[in-house]
Structure formats: C-alpha cells, structure tokens
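Examination of the molecular architecture
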Amino acid sequence: MRQTHLFTKTRREAPADEVAKNAQLLIRAGYIHKEMAGVYAYLPLGLRVVEKIKQIVREEMNAIFGQELIMTALQRKELWERTDRWSDEIVDVWFKSELKAGGEVGFGWSHEEPIGEMMKAHIASYKDLPVSVYQFQTKLRNELRAKSGIMRGREFVMKDMYSFAADEATHLSYYESTKTAYMNVFTRLGVGEDTFITFAAGGAFTKFSHEFQTVCEAGEDIIYLNREKGIAINEEVLSDETLTSLGVKREELEAVKTAEVGNIFNFGQQKATDLGLAIKNEQGEDVPVWMGSYGIGVTRLMGVMVEKFSDEKGMVWPKSVAPYVLHLVGLNLEDAAVRDWADGLYQNLRARGVSVLYDDRDLRPGEKFADSDLMGLPYRVIASRKAREEGKFEVVTRAGGQVRHLTEDELYADFDASPLT
Ligand code: ATP
Ligand code: MG
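Everything numeric here is computed off the predicted structure, so don't read it as measured data.

**What to know about the pattern of salt bridges**
According to the stated counting rule, one finds 34 salt bridges in the structure shown. What emerges from the salt-bridge pattern is a single network uniting Arg12, Asp359, Arg361, Lys368 and Asp371.

What follows is the structure, encoded as structure tokens:
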C-alpha cells in the first residue's frame, strides 16, 4: 500500500473528549474513527488489525472443530422472555427498538437464545452431537460508561462460540479444550504470559465461570493472583469460602489490574432446559443438551494490545497482527532517480509477498519518522539517496529500536528466514 493512496491522515492530537490511551493513539494514527462515546469505526489500517486478530481466533476455533456461522443482530423478544432475559432489570445493556409493523426487537448483546433456538432445527439425537458453532458479531450493548476507548464499546466485535454435547464427559472435555485454544490465541497475540485463567462468577452448572484476564493498567478489573500456584481469582468471587475451596490464603495473593479478554461458561444442562433444547439419548429418552458458551473480546483485545505495546512515540505492533509488517520510508523522493529506485524496491518487496506500507509522500524526514513511530509497524526500512549510493538500508526494529544496515539481498535473506507476509 502506498501512503499517497491511503486516504487516512495522521494527526498530532486526539479529540479532547477521548481519555483512553488506546483510542487516542488509534485515532491519531488513522486506524479508527470516533463516531461517539464507545462507538468507533475501523478504517483501513484498523480493519486489517481486526481481521488479523479474527483470523488467529478463527484458526484456533477451527482447530477444536468450531463451525463458523453468523447469526442476526436483530433479536426476537419472545426468545429472551422464555429464559427471563428480556427485562431491563435483569439485563441492563439491552438496546431495543420497535418494528413499524408492530412488536419489539432487541439488538444482539449475546446470542445463546437465538443459537439455541436455531439448533432445534438441526439436532434431534445424540447422534447429531457434539457440535460447536461460533461467529464474529458486532455486539450492541448499552454500556453506562464508555471511557476505555475500544476496550469498552457500545458496539464491539466479539467472537462467541456455543457448544452442544449429549453427555457430561464429552461436554467437560470440550470445555477444557477451549481453555487451551484460548491460551493459544493469547500467546499468538503476544499476551499469553500476561493472561490468567481466573475463577469468576456466573457459573450455572459449576460454581464458577472462567475468565481470561490480561494484566493491563487500563483494565477495569482486579484479579488476585498467585503466580506460583497458578491461581487467579476475580474480585467478585473473592471470599473465605472461595479461598478455602482453592487451597490458597488471602495473603498469598497479589492484586493486579487486568482487562477481561475472554469468558467461558459451563451451563451444564440448565441453559438447554430453559431453552427447551432436548435430544433423544441412546435409550430413546428426551434429555436436555449439555451447553457451554465461550466469548473473546476481539476489539477489546486490540485495545489491550495498544495499551501494552506502545511507548511515548506511538504504537508498537507485533508481527502477528500489524496492519503491514514493513514500513518502507522513502526520503529524498524529490530526486527522480531516488524515487524511481525506491518505487522499484517497493515493487520488489511486494513481488516477494512482503506485507509493506510505502511512505511515498513528499514530506520532511522528521514528519515521516514521527508518523512511522506513531503507526508502529514492526520494521522500518529507509530508502534514501544515501541508501541508494551505499547499497545499504537502515532497518529499524520498532520494538527496542535495534538498527541494522543491510544490503538488498541481505534484506531479502532476512525476510526469507522470518517471513514478513
Ligand atoms: P465486562 O465485565 O467487561 O462488562 P462481560 O463480562 O459483560 O464484560 P461477556 O458477556 O463475558 O462480557 O462477553 C465476552 C467478552 O466480550 C468479554 O470477555 C470481553 O472481552 C468482551 N466484551 C464485553 N463487553 C465489551 C464491551 N463493552 N466492549 C468490548 N468488549 C467487550
Ligand atoms: Mg464476562
């Protein structure tokens, strides 16, 4: 991508009403656009990050036999009334509207009810199970406070998965496999070491649900952590009873600020009972299905990554999700010979499948470097008159600022060794 073709502009200042670092940086770098508090549009660079995160999540969900689908944003009132989750007293984040033809609809803030209902048309017997389905949906939630940038949107992308099993053993082993799949996702995003599986409230079948909490100063949660014992507990369930059941003392736990990046629920047979989702077992009896639900906050994760991977100059994207991996910064482009040569280099890199953003704008070097630092691509290669004359490029690693001088061939050899696609 040539920057002269990219319509988005960088800016020195974020909007005055934007207090979250993640949104400030993303707005300044032209990754996102703020529509209103908690509501952000994803511009080309931001969308590429979202899609890369989604692809990692998708690969890990497919690896545990998840089948991707997409449900609807508009939801039927009757379905949610059946499980007693339509009322605003019980679910405080509903957006609702009225149909012109009469009747109310809700905007999907979660999808257990419609997915469970849809499944009735497809599963009738234990022979049809196990099944796991997932989607990437723009969830709509009427959040009271939206001050954490894209970490708390009123409109945000979630991956939500739902599992259906005929028996307890299959169900439990699937639930466990999602923990591994989730940790794989977080590791691939570079936050694995800072992400802890915590005991949290909201278990229906078991006492606890499990949350995935990533250490982050800008997070809205606090967990109590014992790294040695590998125990992490959410504030909401921290009680003498919990401590005893987990075999840990209060003074052995350290309080840490975190962001909830994922949450998994084991419903046992309760949810299917509420939804009226039953199958015939091997004896031909009608039994409720064993269900679980599994969420990952895709856009919240992006925000967490900006919070964690940034410095005073801007963002510092890891290769796994950077919108482009290499920032080719052209200098002295007013010189036609340098420009032709730099254009050629850009074409060569593209031909080799390198994911490259080419700053081909006529701007002062200082402005280009400031923009490049702000945008935070993993590697910067400087194509200047000097580089052309010396046959060596300055290659700067955004994380850590390592500087190397490589010939064009060395550059390609380097990329071949660790592909920058
Ligand atoms: P929170 O406690 O932060 O409000 P939640 O427990 O209500 O979140 P879940 O229903 O468990 O959220 O949703 C699954 C995941 O979706 C969460 O773990 C989180 O990563 C993400 N998520 C939830 N609400 C938001 C939001 N308003 N903006 C962005 N991501 C969100
Ligand atoms: Mg949750």
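Having seen the structure, we can now continue with the description.
**With respect to the site of ligand 1**
Taken together, 13 residues are adjacent to ligand 1, and Glu143, Arg152, Gly153, Glu260 and Arg300 come closest. Gly297 places a polar main-chain atom, nitrogen or oxygen, 3.3 Å from an oxygen atom of ligand 1. Surface burial for ligand 1 is 83%, taken as the share of its 580 Å² of free accessible area covered by protein chains. Mapped onto the shell around ligand 1, the elements with two or more residues apiece are strand S8 (155–165) and strand S13 (254–268). Across the shell around ligand 1, the residue classes tally to four nonpolar, four polar and five charged.

**What about the packing of aromatic side chains?**
Scanning all chains against the criterion turns up 15 aromatic pairs. Both rings, one in Tyr134 and one in Phe136, keep their centres 5.9 Å apart while their planes meet at 90°; by these two values the pair is edge-to-face. Phe136 matches Tyr134 in its accessibility class, with the two residues each being buried. Ring centres 5.3 Å apart and planes at 65° place the aromatic pair Phe199 and Phe208 in the edge-to-face group.

**Remarks on the sheet that holds strand S19 (residues 326–330)**
Taking strand neighbours across the sheet as the criterion, the five strands line up as S20-S19-S21-S22-S23 in an open arrangement whose pairing is mixed. Pairing within the sheet leaves two strands with one partner each, and these edge strands are strand S20 (356–359) and strand S23 (403–406). Across the sheet, the mean angle separating the axes of adjacent strands is 25° when strand polarity is ignored. Strand direction decides the pairing type here: S19 and S20, joined by four bridges, are parallel. When the bridges of S20 are listed, Leu328 appears paired with Tyr358.

**A few points about the side chain of His210**
Its place among the elements puts His210 in strand S10 (residues 209–215). What makes His210 buried here is its relative accessible area of 12%. Here the side chain of His210 touches Tyr175 through a polar contact of 2.8 Å, side chain to side chain. Apart from the residues within four sequence positions on either side, His210 is in contact with Tyr175, Lys179, Ile197, Thr198, Phe199, Gly262, Asn263 and Ile264.

**A word on the sheet that holds strand S6 (residues 104–107)**
Taking strand neighbours across the sheet as the criterion, the three strands line up as S4-S6-S5 in an open arrangement whose pairing is antiparallel. Edge positions in the open sheet fall to strand S4 (74–76) and strand S5 (96–98), since each of these has one partner strand only. Going from strand to strand, the sheet's axes swing by 40° on average, the running direction of each strand aside. Here S5 runs beside S6; their pairing, made up of three bridges, is antiparallel. Each bridged residue has a counterpart across the sheet, and for Lys96 the counterpart in S6 is Gly106.

**Description of unusual backbone geometry**
Most peptide bonds are trans, and most residues other than glycine sit at a negative phi. Looking along the chain, the bond that leaves Leu129 and enters Pro130 is cis, with omega of 5°. Relative to the elements of secondary structure, Pro130 occurs in the loop between helix H4 (112–119) and strand S7 (131–140). The backbone phi angle of Asn332 is positive, close to 60°, even though this residue is not glycine. Locating Asn332 in the fold gives a position in the loop between S19 and helix H9 (336–351). The exposure class assigned to Asn332 is partly exposed, which follows from its relative accessible area of 24%.

**Here we look at helix H10 (residues 365–375)**
Of all the residues in H10, the buried ones are Lys368, Asp371, Ser372, Asp373, Leu374 and Met375. On its buried face, H10 is in contact with helix H1 (21–28), helix H2 (44–63), strand S18 (314–315), S19, S20 and strand S21 (379–383). Backbone geometry just downstream of H10 places Gly376 in the positive-phi region, at approximately 75°.

**Here's the deal with the environment of Tyr31**
With respect to the helices, strands and loops of the structure, Tyr31 is situated in the loop between H1 and strand S1 (32–36). Look at Tyr31 and you get buried, because its relative accessible area is 0%. Residues contacting Tyr31, with those up to four places away along its chain left out, are Leu26, Ala41, Tyr42, Leu43, Leu45, Gly46, Val49, Met315, Trp317, Pro323, Met375 and Leu377. Engagement of the side chain of Tyr31 in a polar contact is seen with the backbone oxygen of Met375, the distance being 2.6 Å.

**Considering H4**
With six of its eight residues buried, H4 lies for the most part within the structure. All of the buried residues along H4 are Glu112, Glu113, Pro114, Ile115, Gly116 and Met119.

**Quick word on the packing of H2 against helix H8 (residues 298–308)**
Across the interface, H2 lies against H8 with an axial gap of 10 Å and an inter-helix angle of 115°. Relative to H8, the element H2 lies roughly perpendicular. In the crossing of H2 with H8, the sense of the turn from one axis to the other is right-handed. On H8, the residues touching Gly46, Val49, Val50, Ile53 and Lys54 of H2 are Val298, Thr299, Met302 and Met305. Among the residues forming the contact of H2 with H8, the class breakdown is six nonpolar, two polar and one charged.

Procedures and definitions
Residues numbered from 1 in each chain as written. Chains lettered and ligands numbered in written order. Predicted model: local features only at pLDDT ≥ 70, side-chain atom pairs only at ≥ 80, totals over all residues. Heavy atoms only, no water. Salt bridge = Lys/Arg side-chain N within 4 Å of Asp/Glu carboxyl O. Near = heavy atom within 4 Å. Polar contact = N/O pair within 3.5 Å; in protein donor to acceptor, adjacent residues only side chain to side chain. Areas by Shrake-Rupley, 256 points an atom, 1.4 Å probe, with all protein chains shown as cover. Helix = DSSP H or I, 4+ residues; strand = E, 2+ residues; numbered from the N terminus. Nonpolar A, V, L, I, M, F, W, Y, C, P; charged D, E, K, R; others polar. Phe/Tyr/Trp six-rings, centres within 6.5 Å; stacked < 30°, edge-to-face > 60°. Buried < 20%, exposed > 50% of the residue type's maximum accessible area, 1.4 Å probe, protein only. Pairing = 2+ DSSP bridges. Axes fitted to C-alpha atoms, helices over the stretch in contact; angles between N-to-C directions. Contact = heavy atoms within 4.5 Å. Parallel < 35°, antiparallel > 145°, perpendicular 65-115°, else oblique. Left-handed = near helix turned anticlockwise from the far one by under 90°.

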